[in-house]
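Take a look at the letters that make up each chain.
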Amino acid sequence: MSIASNLNSIKATLPENVTLVAVSKTKPVSDLMKAYEAGQRIFGENKIQEMADKWEQMPKDIQWHMIGHVQTNKVKFMAPFVSLIHGVDSLKLLQEINKQAAKNNRVIDCLLQMHIAEEETKFGLDENELNALLSSTEFKEMQHIRILGLMGMATFTENQNQIRKEFIYLKYIFDSLRNRDAQQHGGRDAHSRDAQRCISTSISTISMGMSGDYQLAIECGSTMVRIGSSIFGGR
């Protein structure tokens, strides 16, 4: 099967409200261009330098998503062009993104990464850390980032019940976040300083699901899936 055929097969299975991120890490520009020519415009990379190199070489109507773990000292290299950063897992990182976005006169969209897997190797916030971040004075003062929602990665396991449980938990946190912010927003003066940091109108994206589990993730409420090997083949 060709990259274009793989892409079209997957797109045919996705509901209208689900966005496909084609995970193109380690793949050559020639492979990405085959997906581009088949209509794909959103690509996900997990290394900032590789993403920047591809951004320079490829058409400028592409949206580049950073889906890997982000080191604060590398943010400056993607700040001019990145469309969405999936893996924001600390206030420190968010502050650096805000700082670099300001230097580029941009507002950068972000997803907060939640730790939902049983594996210790996965990055992410727990519920208490999420609430502390969103309640912090530092967060409320940031004017160059926009939180669109949450991202999470399930445990790498064949146990579908465990994966489902983790996805449902992420959806629960997502719904709680959206509802809490909607209530806060309803009680604010639209012209107040606080209203600028109300994120309820932005909370729309829950990024969960990869090649092996994206259909289950969609069943559990995902609005964005990250698919690589099923499009481009194994690495």
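An account of the accompanying structure is given in this report. (Residues numbered from 1 in each chain as written. Predicted model: local features only at pLDDT ≥ 70, side-chain atom pairs only at ≥ 80, totals over all residues. Heavy atoms only, no water.)

1. Thoughts on the side chain of Arg226
As a reminder, the rule being used: Strands are runs of DSSP state E lasting at least two residues, helices are runs of H or I lasting at least four, and both sets are numbered from the N terminus onward. In the analysis that follows, any N or O atom pair within 3.5 Å is treated as a polar contact, provided that within protein one partner can donate a hydrogen and the other can accept it, and provided that, for residues neighboring in sequence, both atoms belong to side chains. Any two residues whose heavy atoms approach within 4.5 Å at even a single point are treated as in contact.
Its place among the elements puts Arg226 in strand E8 (residues 224-227). A polar atom in the side chain of Arg226 sits 2.8 Å from the side chain of Ser207. Ignoring anything within four residues of it in the chain, the contact list for Arg226 reads Val21, Val23, Ile67, His86, Met151, Gly152, Met153, Ser207, Met208, Gly209, Met210 and Ser211.

2. Examining helix H6 (residues 127-135)
Applied cut-off: Exposed residues in this analysis have more than 50% of their type's maximum accessible area, buried residues have under 20%, and partly exposed residues fall in between, with area computed by a 1.4 Å probe over protein chains only. Along the arc lie the directions from the helix axis toward the C-beta atoms.
By the burial criterion, the buried members of H6 are Leu130, Leu133 and Leu134. One face of H6 carries all of its buried residues, which in axial projection span an arc of 90°.

3. Observations regarding the pattern of salt bridges
Heads up, the condition is: The rule for a salt bridge is simple: a side-chain nitrogen of Lys or Arg has to be within 4 Å of a carboxyl oxygen of Asp or Glu.
One pass over the full model with this rule turns up eight salt bridges. A salt bridge links Glu219 to Arg164; the shortest N-O distance between them is 3.4 Å. In this pair, Glu219 sits in helix H10 (residues 214-219) while Arg164 sits in helix H8 (residues 160-186), placing the two residues 55 residues apart along the sequence. Taking relative accessible area as the criterion, Glu219 reaches 59% and is therefore assigned exposed. In this structure, Asp175 engages Arg178 in a salt bridge whose closest nitrogen and oxygen atoms are separated by 3.7 Å. Taken together, the residues span about one helical turn, with Asp175 and Arg178 both in helix H8 at a distance of three residues. Exposure remark for Asp175: the relative accessible area of 23% places this residue in the partly exposed category. A cluster of three or more residues bridged by salt bridges with shared partners is formed by Glu45, Glu50 and Lys54.

4. So, the environment of Met151
Relative to the elements of secondary structure, Met151 occurs in strand E6 (residues 145-152). Relative accessible area serves as the criterion here: at 0%, Met151 is assigned to the buried category. For the pair Met151 and Gly124, spaced 27 residues apart in the sequence, the C-alpha separation amounts to 8.8 Å. Those residues in contact with Met151 that lie beyond four places of it in its chain are Ile67, His86, Gly87, Leu111, Leu112, Gln113, Met114, Leu170, Ser207 and Arg226.

5. A few points about helix H1 (residues 3-13)
What sets the pattern is the α-helix's 3.6 residues per turn: residues three or four places apart point alike. Taken together, the buried positions of H1 are occupied by Ile3, Asn6, Leu7 and Ile10. Along the axis of H1, the buried residues cluster in a sector spanning 95°; they form a single face. At its buried positions, H1 is contacted by strand E1 (19-23), helix H2 (29-37), H10, E8 and helix H11 (229-232).

6. A closer look at the pairing of strand E5 (residues 108-114)
In plain terms, the rule: What makes two strands pair is DSSP finding at least two bridges between them. Every crossover in which the path from the first strand over the helix to the second runs clockwise, viewed with the strands pointing away from the viewer, is termed right-handed.
Most of E5 is tucked away: seven of the seven residues are buried. The alternating pattern of E5 places Ile108, Cys110, Leu112 and Met114 on one face and Asp109, Leu111 and Gln113 on the opposite face, and all of these are buried. Both strand E4 (residues 84-88) and E5 contribute to a ladder of three bridges, which runs parallel. Within the sheet, the bridge partner assigned to Leu84 lies in E5 and is Asp109. Each parallel crossover has a hand, and for E4 linked through helix H5 (residues 91-103) to E5 it is right-handed.

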